[in-house]
Amino acid sequence: MSDAKEQESVDLFDSYFDWDPSVEDSVFELHHYYRENTVNRVLQKDFICFRLSAAENFEDKMEGKAIEVYYDLALDRLKRAGKITQEEYDALAHIDISQNEFFFSKHSAGIQQYTDTKFEEYIICFSSESDDPYMFQNYGEYCLTLTRGNLLSPLLGRENLRAVFTPVLYGDDIIKYLESKIIEVIVSPDMKRDMVWFVGEVLHRLQFVAKQSKYSKENERRLIVYLPEGETKLIPEIERTESDGKRYIYLKYSKDLLCGINVWSNYEIASKDTLNKLNRFGYSIE
């Protein structure tokens, strides 16, 4: 590969991972809700251990499907407004974004044209809502509070991994973002040559951060960690594992990561054994 081609590869690769659909996200404090049996596994005596699931592990069968609906709506709005031609509409309307294609790791074209590395992606979900009754009822009785900076700091500037932290987009915000990216491609002579590829990559990276409006009360943020497939020289904080055919990674953090632990006030049957154990481990519970 020539120096110029290699530099182009690096630029494309870096720009792909530097995406942020909501640059103005001002959320600093994050929250994760756990059931009692899970919080016992997360909060260890000497460290905190978060489990991230591979994208294809997601049990919610609606995951990844919302983007298909909103992409069609974005194309229709652009065509009705006269911002794209019928020819451009026809080309972009035939991009395959089926639910079985998780990001570019299983995408035959896309970024793999520019790098020999194939990636796996792992995801964990957080909320900006603190001590929220809806979140307690639906996701768990224990609310762990931490900061975005503490969550990301061990993952930044590391070899053999990339980490993206992004808000989930809901409803019309997804359509507006897609419209802006499609127009960006259409008006750029450099991108128009690879129009279908570029928009396809936008769709793949948005696939698991796009949800229906009815979920907006969750105010969700997601950490996505990309690891080279088969890479064994991982940083000490990461452990890759597989169980029942499903892939996971565990991220280990210092106990100082946590800012606090709250237990739902309506949860009257909190195990005294669990509370005593967490207190004994030095965790502060409110």
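One numbering rule holds for all chains: residues counted from 1, following each sequence as written. Local features are withheld for residues below a pLDDT of 70 in this predicted model, meaning they are given only at 70 or higher, and side-chain atom pairs are given and counted only at 80 or more; totals for whole chains, interfaces and linings count all residues. Working from all heavy atoms in the structure, the side-chain values ignore hydrogens and water.

J.: Teacher, can you tell me more about the pairing of strand β11 (residues 258-263) here?
T.: Strand residues, when the strand is regular, have side chains that alternate between the two faces of the sheet. Working definition: with a 1.4 Å probe on protein chains only, accessible area under 20% of the residue-type maximum means buried, over 50% means exposed, and in between means partly exposed. Numbering of helices and strands starts at the N terminus; helices are DSSP runs of H or I of at least 4 residues and strands are runs of E of at least 2. Of all the 6 residues making up β11, 5 are buried; the element is thus mostly covered by neighbouring parts of the structure. Two strands are counted as paired when DSSP detects at least two bridges linking them. Examined bridge by bridge, strand β4 (residues 142-147) and β11 share 5 bridges and lie antiparallel to one another. Paired with Cys 143 across the strands is Asn 262, a residue of β11.

J.: Sorry, what's going on with the packing of helix α3 (residues 66-80) against helix α7 (residues 172-187) here?
T.: Helix packing geometry: the angle between the two helix axes and the distance between the axes. α7 packs onto α3 with a crossing angle of 60° between their chain directions and a minimal axis gap of 9 Å. Looking at the two axes, α3 sits oblique to α7. Where α3 crosses over α7, the two elements pack in a sense that is right-handed. Residues Ile 67, Tyr 70, Tyr 71, Leu 73, Ala 74, Leu 75, Arg 77 and Leu 78 of α3 form the contact with α7, whose participating residues are Asp 172, Ile 174, Ile 175, Lys 176, Leu 178, Glu 179, Ile 182 and Ile 183. Considering only residue class, the contact of α3 with α7 consists of 12 nonpolar, no polar and 4 charged. Interaxial angle, 0 to 180 degrees, is taken between N-to-C directions of lines fitted to C-alpha atoms, where a helix line uses only the stretch in contact. Throughout, the term roughly parallel applies to angles under 35 degrees, roughly antiparallel to angles over 145, roughly perpendicular to angles from 65 to 115, and oblique to all others. Take the far helix as the reference: if the near one is turned anticlockwise from it by less than a right angle, the crossing is left-handed, and if turned clockwise, right-handed. Pairs of residues are marked as contacts when any of their non-hydrogen atoms sit within 4.5 Å. Three classes are used: nonpolar for Ala, Val, Leu, Ile, Met, Phe, Trp, Tyr, Cys and Pro, charged for Asp, Glu, Lys and Arg, and polar for all others, with Gly counted as polar.

J.: Explanation requested: the packing of aromatic side chains in the structure shown.
T.: Two measures describe an aromatic ring pair: the distance that separates the ring centres and the angle between the ring planes. Aromatic rings from Phe, Tyr and Trp, taking only the six-membered ring of Trp, are treated as a pair when their centres fall within 6.5 Å; an angle between ring planes under 30 degrees marks them as stacked, one over 60 as edge-to-face, and anything in between as tilted. As enumerated under the stated definition, the model contains 4 aromatic pairs in all. Look at Phe 50 and Phe 126: their rings are 5.9 Å apart centre to centre, the planes differ by 85°, and that puts the pair in the edge-to-face class. Taken together, the residues Phe 50 in strand β2 (residues 48-54) and Phe 126 in strand β3 (residues 119-127) connect sequence positions 76 residues apart. When its relative accessible area of 1% is taken as the criterion, Phe 50 is described as buried. Assessed through its relative accessible area of 3%, Phe 126 is described here as buried. Ring geometry for Phe 50 and Tyr 253: centres 6.0 Å apart, planes at 65°, overall edge-to-face. In this pair, Phe 50 sits in strand β2 while Tyr 253 sits in strand β10 (residues 246-253), placing the two residues 203 residues apart along the sequence.

J.: What is the right way to read the nonpolar core from this model?
T.: One recurring pattern in soluble globular proteins is that nonpolar side chains are buried together. Here, nonpolar core refers to any group of buried Ala, Val, Leu, Ile, Met, Phe, Trp, Tyr and Cys residues whose side-chain atoms link them within 4.5 Å. Core analysis: the biggest nonpolar cluster contains 36 residues, and Leu 43, Phe 50, Leu 155 and Leu 223 have the highest contact counts within it. Judged by nonpolar contacts, the second largest core, of 31 residues, contains Tyr 71, Leu 78, Phe 119 and Leu 169.

J.: Help me understand the pairing of strand β1 (residues 29-34), please; the structure alone is not making it clear to me.
T.: Taken across its 6 residues, β1 has 5 buried, putting it largely inside the fold. Strand direction decides the pairing type here: β1 and β4, joined by 6 bridges, are antiparallel. Bridging from a neighbouring strand, Tyr 33 pairs with Cys 143 of β4.

Any link to function would need more than the numbers given here.
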